[in-house]
Amino acid sequence: MRQTCLAILAALGCAAASASAASADHHPHQSILYRITVLPSLGGAVANSRGKSINDFGVVAGYSNAPNGKRHAAAWAFGRKLDLGTLGTDLALASTVPWPVKNSVGLISGISLTDDVDPNGGQGWSCTAGGFLANPDGHTCHGFVWAWGHMRDLAPLPGGNNSFATGTNNWGQTGGWADDPCGQILDR
């Protein structure tokens, strides 16, 4: 049995080698090139930067640790790093860009904790339950659109506490979801 298995493996290896050689005949000297760019930290003691998207102009958006150690939405463009900030003044707040950018005009969508504490304790809400942002103090979370140095708050539905932005197109239209006064999640 063992000799049969070895013979089958040897035959498969020969078939793979000849298929590879035949393929090389059709594409001689073709190589694949990659460019790797290290995304510098915003200054946090623990360098933790992640790109979540890249647009047609090479602008990368994602998050990085800020000097205070909190996760902040960030962008890297043309050799510069940008801290997109948060939707509040509390230094313990965090923000991130969790989904790919869906436009080519420089608009960045994401989520941020706010200064307000969620009266419903988050109820497992998308970005306050810890899946996207650490939120030990139970702050509300709002979607945002960042454009040319300004973060615009995308408020939740009337009576709701939280919202979540997932993408913005070239016309500035943003998709995502929000909760209603009962804490239910509704697509926007």
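In what follows, the structure referred to is the one given above.
About the thresholds
- Residues numbered from 1 in each chain as written.
- Predicted model: local features only at pLDDT ≥ 70, side-chain atom pairs only at ≥ 80, totals over all residues.
- Heavy atoms only, no water.
- Helix = DSSP H or I, 4+ residues; strand = E, 2+ residues; numbered from the N terminus.
- Buried < 20%, exposed > 50% of the residue type's maximum accessible area, 1.4 Å probe, protein only.
- Areas by Shrake-Rupley, 256 points an atom, 1.4 Å probe, with all protein chains shown as cover.
- Pairing = 2+ DSSP bridges.
- Axes fitted to C-alpha atoms, helices over the stretch in contact; angles between N-to-C directions.
- Polar contact = N/O pair within 3.5 Å; in protein donor to acceptor, adjacent residues only side chain to side chain.
- Contact = heavy atoms within 4.5 Å.
- Core = buried A, V, L, I, M, F, W, Y, C linked by side-chain atoms within 4.5 Å.
- Phe/Tyr/Trp six-rings, centres within 6.5 Å; stacked < 30°, edge-to-face > 60°.

This brings us to the overall build of the protein chain. On a plain count of helices and strands, the protein chain comes out with 1 helix and 11 strands. When the 188 residues of the protein chain are sorted by exposure, 40% land in the buried category. For the protein chain, the exposed area adds up to about 11100 Å²; of that, 59% sits on carbon and sulfur atoms.

Here we come to unusual backbone geometry. Although it is not a glycine, F78 adopts a positive phi angle of roughly 50 degrees. Relative to the elements of secondary structure, F78 occurs in the loop between β3 (71–77) and β4 (80–85). A residue is classified by how much of its surface remains accessible, and F78, at 69% relative accessible area, is exposed. Of note, W148 is a non-glycine position whose phi angle comes to about 45 degrees, a positive value.

Strand order in this open sheet of 4 strands is β1-β2-β3-β4, and the pairing throughout is antiparallel. Single-partner strands in this sheet number two, and they are β1 (49–54) and β4. Adjacent strand axes in the sheet meet at a mean angle of 30 degrees when their direction is disregarded. Note: strand β2 (residues 60–65) against β3, 6 bridges, orientation antiparallel. Bridging from a neighbouring strand, A61 pairs with A75 of β3.

Attention now moves to the side chain of N103. Relative to the assigned elements, N103 resides in the loop between β5 (95–96) and β6 (108–117). Engagement of the side chain of N103 in a polar contact is seen with the backbone nitrogen of G106, the distance being 3.3 Å. One polar contact links the side chain of N103 to the main-chain carbonyl oxygen of L107, over a distance of 2.8 Å. When sequence neighbours within four positions are dropped, the list of residues in contact with N103 reads N55, T168, N169 and N170.

Attention now moves to the pairing of β1. Both β1 and β2 contribute to a ladder of 5 bridges, which runs antiparallel. The residue of β2 that forms the bridge with G51 is G62.

With that settled, the discussion passes to the pairing of β3. Two faces make up the sheet, and in a regular strand the side chains alternate between them. In terms of residue burial, β3 counts as a mostly covered element, since 6 of its 7 residues are buried. Where β2 hands over to β3, the hairpin turn is made up of 5 residues, of which G69 adopts a positive phi near 90 degrees. Sheet topology note: the β3/β4 ladder contains 5 bridges and is antiparallel. Pairing of W76 across the sheet is with K81, part of β4.

Here the focus is the environment of A45. Tracing the backbone shows A45 in the loop between α1 (2–26) and β1. Along the chain, A45 and P67 lie 22 residues apart, while their C-alpha atoms are 6.8 Å from each other.

Judged by nonpolar contacts, A61, A73, A75, L84, L87, V97, V101, I108, F144, W146 and M151 together constitute the single largest core of 11 residues. The contacts of V97, once residues within four sequence positions are left out, are K52, A61, G62, A73, L84, I108, S109, G110 and F144. Formed by 9 residues, the second largest nonpolar core is a distinct cluster that contains L93, A94, L113 and L133.

This next bit is on the packing of aromatic side chains. What the rule picks out here adds up to 3 aromatic pairs. Taken together, a centroid distance of 6.3 Å and an interplanar angle of 45 degrees make the contact between W99 and F132 tilted. Here W99, found in the loop between β5 and β6, pairs with F132, found in the loop between β6 and β7 (139–147); they are 33 residues apart in sequence, far enough to count as distant. Judged by relative accessible area, F132 falls into the partly exposed class, the value being 27%. Measuring from ring centre to ring centre gives 4.4 Å for F164 and W177, while their planes differ by 15 degrees; the resulting arrangement is stacked. In this pair, F164 is assigned in strand β9 (residues 163–168) and W177 in strand β10 (residues 174–179), connecting sequence segments 13 residues apart. Across the pair, W177 and F164 agree in class, each one buried.

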